[in-house]
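Residue-level listing of the chains:
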Amino acid sequence: MAVREMAPKANGEACGVCGGRTYVIERRGDQAQARICACSEHCSVCGGRGHVLVEREGEFSQKMGPRRYEVMETCTCTKLRTRIARFDALGLPASAAHANFENYRSYEEAQDRGRSVAMQFAYQYVQGGSSKGYIISGPVGTGKTHLLAATLAHLALELGVRGRYVEISLLYATIRRGFQEGKSGGEIIGPLSEVEVLAIDELGKGRGSPFEMETLDELIARRYNAGRTTLFATNYSLEPERRAMRSAAPSGYRTTDDSRSAAREAELLRERVGERIYSRLCELCTFVEFPKETPDRRRPRQEMNAPMHHAAGNGRPQGR
Ligand SMILES: Nc1ncnc2c1ncn2[C@@H]1O[C@H](COP(=O)(O)OP(=O)(O)OP(=O)(O)O)[C@@H](O)[C@H]1O
Ligand SMILES: [Mg+2]
Ligand SMILES: [Zn+2]
Ligand SMILES: [Zn+2]
């Protein structure tokens, strides 16, 4: 990784601030933003010019024999600046600023799988090729947004990929505003259809109005047709049948209220987004589903360790 080669300080020690990564990620307002670490602000390779002269040797004619010549090459510090700009353009929320693969913890086997699916995607991503995306489904606070953010951050900072993160209700709101300004849906969706890797968070959320369904359908169809990769996270279940409803708890424990909330919980993504979109997702994405009992990381630890079925309702808030 060329960017990392700049990392060690002159005395060979990695920087204590960035750990040798040469950049720092921080919260700025409601966004996660990156900046060059102080240790790497001054580039000793190019002296701040952004490019370097590299000496090459080549043979142009037999008569002249091998000759040395110089070419201008982009310095690693320029690449770093580009990658930081790519990171800033992701639109990651401030709450995901620290998210990476290393600090992701698994409490369930499915979370382990989620992490490896996301990591494999990120590490094996080839620019310009067509990679299969992933969709992670699970209850609140289980690190779905964390994994989307970790993936996009890796792609931007290590490969310079142009990616984008969108929370679906913000997307709908932006498009609605655009309509009011006289823009067409296509005009607003256009740029999002073109980013190399798009992460759509909270898929299935919303009112399910015809406007929302058409917007989503158009966006996914455009990306699908262009062979671009889209990643998703959702609170809705991917299971092909309402299996979750039957298996929640021994039926003796359950009141009518419990069964009602279980039915709501088991709501399927397929029903939320419609057959057309769901069918495309099946083709475009690797599916990962975290079980209902996966602990919510936003809750205090004592509560997390308490047996879930003793908590009121079924131990988890319904939606947000
Ligand atoms: N498995 C995990 N390992 C490390 N941190 C986690 C994990 N799960 C959640 N977190 C942290 O907890 C917070 C909430 O996680 P995150 O936003 O990713 O949850 P989510 O699954 O997207 O929830 P929601 O369904 O409500 O959107 C974040 O700060 C995230 O970094
Ligand atoms: Mg989330
Ligand atoms: Zn540093
Ligand atoms: Zn340089």
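Conventions used here
Residues numbered from 1 in each chain as written. Chains lettered and ligands numbered in written order. Predicted model: local features only at pLDDT ≥ 70, side-chain atom pairs only at ≥ 80, totals over all residues. Heavy atoms only, no water. Phe/Tyr/Trp six-rings, centres within 6.5 Å; stacked < 30°, edge-to-face > 60°. Helix = DSSP H or I, 4+ residues; strand = E, 2+ residues; numbered from the N terminus. Buried < 20%, exposed > 50% of the residue type's maximum accessible area, 1.4 Å probe, protein only. Lys NZ or Arg CZ within 6 Å of the ring centre and 35° of its normal. Near = heavy atom within 4 Å. Polar contact = N/O pair within 3.5 Å; in protein donor to acceptor, adjacent residues only side chain to side chain. Nonpolar A, V, L, I, M, F, W, Y, C, P; charged D, E, K, R; others polar. Donors = N, O, S within 2.8 Å, 3.2 Å for Na, K, Ca; no water. Tetrahedral: all angles 85-135°; square planar, octahedral: opposite > 155°, others 65-115°. Salt bridge = Lys/Arg side-chain N within 4 Å of Asp/Glu carboxyl O. Contact = heavy atoms within 4.5 Å. pLDDT = per-residue confidence, 0-100. Pairing = 2+ DSSP bridges. Axes fitted to C-alpha atoms, helices over the stretch in contact; angles between N-to-C directions. Expected span 1.5 Å × (residues − 1). Disulfide = S-S within 2.5 Å.

**Considering the packing of aromatic side chains**
To describe a pair of aromatic rings, you give the distance between the ring centres and the angle between the ring planes.
Piece 1. According to the stated counting rule, one finds six aromatic pairs in the structure shown.
Piece 2. With a centroid separation of 6.0 Å and 85 degrees between ring planes, the pair formed by Phe 121 and Tyr 134 is classed as edge-to-face. In this pair, Phe 121 sits in helix 4 (residues 109-124) while Tyr 134 sits in strand 5 (residues 133-137), placing the two residues 13 residues apart along the sequence. Considered together, Phe 121 and Tyr 134 belong to a single accessibility category, that of buried residues.
Piece 3. Clustering of aromatic rings is evident, with ring pairs tying together Phe 121, Tyr 125 and Tyr 134.
Piece 4. Positioned over the ring face of Tyr 224 is Arg 280, at 5.2 Å from the centre of the ring.

**Structural notes on the site of ligand 1**
Piece 1. Taken together, 18 residues sit near ligand 1, with Arg 105, Gly 141, Lys 144, Thr 145 and His 146 positioned nearest.
Piece 2. Thr 142 places a main-chain nitrogen or oxygen 3.0 Å from an oxygen atom of ligand 1.
Piece 3. Side-chain polar atom of Thr 145 to an oxygen atom of ligand 1: 2.8 Å apart, as the coordinates give it.
Piece 4. Of the residues assigned to the shell around ligand 1, the class counts are two nonpolar, ten polar and six charged.

**Let's talk about the coordination of the zinc ion (ligand 3)**
Piece 1. Those donors, Cys 15 (SG), Cys 18 (SG), Cys 37 (SG) and Cys 39 (SG), are the protein atoms that reach the zinc ion (ligand 3), and they lie 2.2 to 2.3 Å from it.
Piece 2. Coordination at the zinc ion (ligand 3) is tetrahedral: its four donor atoms span angles of 106 to 113 degrees at the metal.
Piece 3. Sequence spacing among the residues donating to the zinc ion (ligand 3) works out to C-x2-C-x18-C-x1-C. Taken together, the residues Cys 15 in the loop between helix 1 (2-5) and strand 1 (23-28) and Cys 39 in helix 2 (residues 38-41) connect sequence positions 24 residues apart.

**Examining the pattern of salt bridges**
Piece 1. Tallied over the full model, the rule gives 14 salt bridges.
Piece 2. Across the pair Glu 26 and Arg 35 runs a salt bridge whose closest N-O atoms are separated by 3.1 Å.
Piece 3. Given the relative accessible area of 25%, Glu 26 is considered partly exposed.
Piece 4. Between Arg 299 and Asp 296 there is a salt bridge, with the nearest N and O atoms lying 3.9 Å from each other.

**Focus: the environment of Glu 196**
Piece 1. Here Glu 196 lies in the loop between helix 7 (185-194) and strand 7 (197-201).
Piece 2. Under the relative-accessibility criterion, Glu 196 is labelled partly exposed at 22%.
Piece 3. With 31 residues separating them in the primary sequence, Glu 196 and Gly 227 have C-alpha atoms 9.6 Å apart.
Piece 4. Leaving out residues up to four positions away in the same chain, Glu 196 has contacts with Tyr 125, Gln 127, Gly 128, Val 161, Arg 162, Arg 223, Arg 228 and Thr 229.

**Looking at the confidence of the model for the chain**
Piece 1. Residues of the chain with pLDDT of at least 70 account for 82%, and the chain-wide mean is 84.
Piece 2. Note on residues 1-9: pLDDT is under 50 here. Beyond four places in sequence and across chains, it has 16 contacts.
Piece 3. In the model, residues 241-255 has pLDDT below 50 throughout and makes 17 contacts with residues more than four positions away in sequence or in other chains.

**Focus: unusual backbone geometry**
Piece 1. Backbone geometry places Thr 22, a non-glycine residue, at a positive phi of 75 degrees.
Piece 2. Mapped onto the elements of the fold, Thr 22 is located in the loop between helix 1 and strand 1.
Piece 3. On the basis of relative accessibility, which here comes to 0%, the residue Thr 22 falls in the buried class.
Piece 4. Although it is not a glycine, Glu 202 sits at a positive phi angle of roughly 65 degrees.

**Thoughts on the sheet that holds strand 6 (residues 163-167)**
Piece 1. Judged by pairing direction, the sheet is parallel, and its five strands sit side by side in the order 6-7-8-5-9 without closing on themselves. The two strands at the open ends of the sheet, each matched to only one other strand, are strand 6 and strand 9 (285-289). Adjacent strand axes in the sheet meet at a mean angle of 15 degrees when their direction is disregarded.
Piece 2. Pairing of strand 5 with strand 9, which is carried by five bridges, proceeds in the parallel orientation. Considered in strand 9, the bridge of Gly 133 is made with Cys 285.
Piece 3. Of the strands in this sheet, strand 7 and strand 8 (229-234) touch helix 8 (residues 210-225), which is tilted by about 155 degrees from strand 7.

**A word on helix 8**
Piece 1. Look at helix 8: 22 Å from first C-alpha to last across 16 residues, which is about the 22 Å you get at 1.5 Å a residue.
Piece 2. Looking only at helix 8, the buried set comprises Glu 212, Thr 215, Leu 216, Asp 217, Leu 219, Ile 220, Ala 221 and Arg 223.
Piece 3. Immediately beyond the C-terminal end of helix 8, within one or two residues, lies Gly 227, with a positive phi of roughly 70 degrees.

**Focus: the state of the cysteines**
In protein chemistry, a disulfide is the covalent bond that joins the sulfur atoms of two cysteines.
Piece 1. One pass over the structure, following the stated rule, counts zero disulfides.
Piece 2. Cysteine Cys 282 is unpaired, with the sulfur of Cys 285 as its nearest cysteine sulfur at 8.9 Å.

**Section: the environment of Ala 173**
Piece 1. Its location among the elements puts Ala 173 in helix 6 (residues 168-180).
Piece 2. Residues Ala 173 and Glu 212 lie 39 residues apart in sequence; the distance between their C-alpha atoms is 9.8 Å.

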